[in-house]
Amino acid sequence: TQLLEQSPQFLSIQEGENLTVYCNSSSVFSSLQWYRQEPGEGPVLLVTVVTGGEVKKLKRLTFQFGDARKDSSLHITAAQPGDTGLYLCAGAGGTYKYIFGTGTRLKVLA
Amino acid sequence: DAGITQSPRHKVTETGTPVTLRCHQTENHRYMYWYRQDPGHGLRLIHYSYGVKDTDKGEVSDGYSVSRSKTEDFLLTLESATSSQTSVYFCAISEWGANTGELFFGEGSRLTVL
């Protein structure tokens with residue numbers, strides 16, 4: 001069974017601080033995605049990474065795919081209250097399906 | 001926004017009763033998924049479909065069945081609901097290409113089994 005463990009599970013920080021969320025597995029994934037979910041809504045895709053070692057930037061968010069394609073990280077610079085939400089990583093786990101991580105709930109205080 | 005509609009959005013039922021959740025899409029995507037979301041578990045895949053009448057099990061399929069008789073509809077059935085199936089259920093759709101595909105999610109169906 002493929003599992004994705006995210007850490008930390010909860011994170012509460014002040015506006016302007018930096019943070020990193022980790023997504024780790026013992027399995028290799030052909031691609032990995034990060035989603036953000038707000039209360040009462042479904043997750044929304046932030047980024048897809050497909051190559052080992054790949055780094056993608058989306059404004060203040062930086063995503064990295066591990067060289068061995070088993071792990072990923074999300075770094076947020078100068079967090080803002082609008083970044084508050086549940087962050088989920090998801091790995092392509094075989095035939096046309098994604099396995100999701102356990103989630104990191106982020107709260108950014110003004 | 002992707003055209004995905006889940007119904008009902010909220011349901012309260014009693015243990016032992018059958019429940020069917022419906023997912024309807026207007027995007028003509030081939031792949032459809034049912035996930036459940038519980039605190040501390042992220043999203044767990046229940047069943048998915050890769051075409052009309054083509055379905056397969058996910059991580060937590062026990063106690064659930066699915067059907068897809070048309071491209072646009074994917075039904076999730078709990079034959080005899082139990083309290084452990086109290087959860088928020090999300091439908092998602094996708095198309096795939098080159099080892100990846102974006103999942104578009106519905107707004108969720110909150111099910112409470114008393």
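For clarity, every value in this text was computed on a predicted model and none was experimentally measured.

### With respect to the overall build of chain A
Now for step 1: Broken down by element type, chain A carries 0 helices and 11 strands.
Now for step 2: Element order for chain A, N to C, with α for helix and β for strand: β-β-β-β-β-β-β-β-β-β-β.
Now for step 3: Since a compact globule built from 110 residues should have a radius of gyration of about 13 Å, the 13 Å found for chain A is in line with a globular shape.
Now for step 4: Expressed along its principal axes, the backbone C-alpha trace of chain A runs to roughly 40 × 30 × 20 Å.
Now for step 5: Counting every position in chain A, which comprises 110 residues, the buried fraction comes to 45%.
Now for step 6: Carbon and sulfur atoms make up 49% of the accessible area of chain A, which amounts to about 5100 Å² in all.
Now for step 7: The distance from the centre of the 10 positive side-chain charges to the centre of the 9 negative ones in chain A is 4 Å.

### Quick notes on the state of the cysteines
Among covalent bonds in proteins, the disulfide is the one between the sulfur atoms of two cysteines.
All names here are of chain A.
Now for step 1: Scanning the model with the defined rule gives 2 disulfides over all chains in all.
Now for step 2: Residue Cys23 pairs covalently with Cys89 via a disulfide, S to S 2.0 Å. Of note, the bridge from Cys23 to Cys89 carries an S-S torsion of about 75° and is right-handed in sense. Of this pair, Cys23 sits in strand 3 (residues 19-24) while Cys89 is found in strand 9 (residues 85-92), placing the two residues 66 residues apart along the sequence.

### So, the pattern of salt bridges
Now for step 1: This structure, assessed with the given rule, holds 8 salt bridges over all chains.
Now for step 2: We note a salt bridge from Arg36(A) to Glu38(A), for which the minimum N-O separation is 3.8 Å.
Now for step 3: For Arg36(A), a relative accessible area of 21% translates into the label partly exposed.
Now for step 4: Put simply, Asp73(B) and Lys70(B) hold a salt bridge, and the shortest N to O gap is 3.3 Å.

### Observations regarding the interface of chain B and chain A
Often the size quoted for an interface is simply the accessible area lost on bringing the parts together.
Now for step 1: Each partner contributes to the interface: chain B provides 23 residues, whereas chain A provides 24 residues.
Now for step 2: The tally of links from chain B across to chain A stands at 0 salt bridges.
Now for step 3: Scanning the region where chain B abuts chain A turns up 5 residue pairs in polar contact (both at pLDDT 80 or more).
Now for step 4: Every element with two or more residues in the side of chain B that touches chain A is listed here: strand 4 (31-37) and strand 5 (43-51) of chain B.
Now for step 5: When residues in the side of chain B that touches chain A are grouped by element, the largest group, 4 residues, is from strand 4 of chain B.
Now for step 6: Of the residues assigned to the side of chain B that touches chain A, the class counts are 10 nonpolar, 8 polar and 5 charged.

Parameters at a glance
Residues numbered from 1 in each chain as written. Chains lettered and ligands numbered in written order. Predicted model: local features only at pLDDT ≥ 70, side-chain atom pairs only at ≥ 80, totals over all residues. Heavy atoms only, no water. Helix = DSSP H or I, 4+ residues; strand = E, 2+ residues; numbered from the N terminus. Rg over C-alpha atoms; globule rule 2.2 N^0.38 Å. Buried < 20%, exposed > 50% of the residue type's maximum accessible area, 1.4 Å probe, protein only. Areas by Shrake-Rupley, 256 points an atom, 1.4 Å probe, with all protein chains shown as cover. Lys, Arg positive; Asp, Glu negative; His and termini not counted. Charge placed at Lys NZ, Arg CZ, Asp CG, Glu CD. Disulfide = S-S within 2.5 Å. Salt bridge = Lys/Arg side-chain N within 4 Å of Asp/Glu carboxyl O. Contact = heavy atoms within 4.5 Å. Polar contact = N/O pair within 3.5 Å; in protein donor to acceptor, adjacent residues only side chain to side chain. Nonpolar A, V, L, I, M, F, W, Y, C, P; charged D, E, K, R; others polar.

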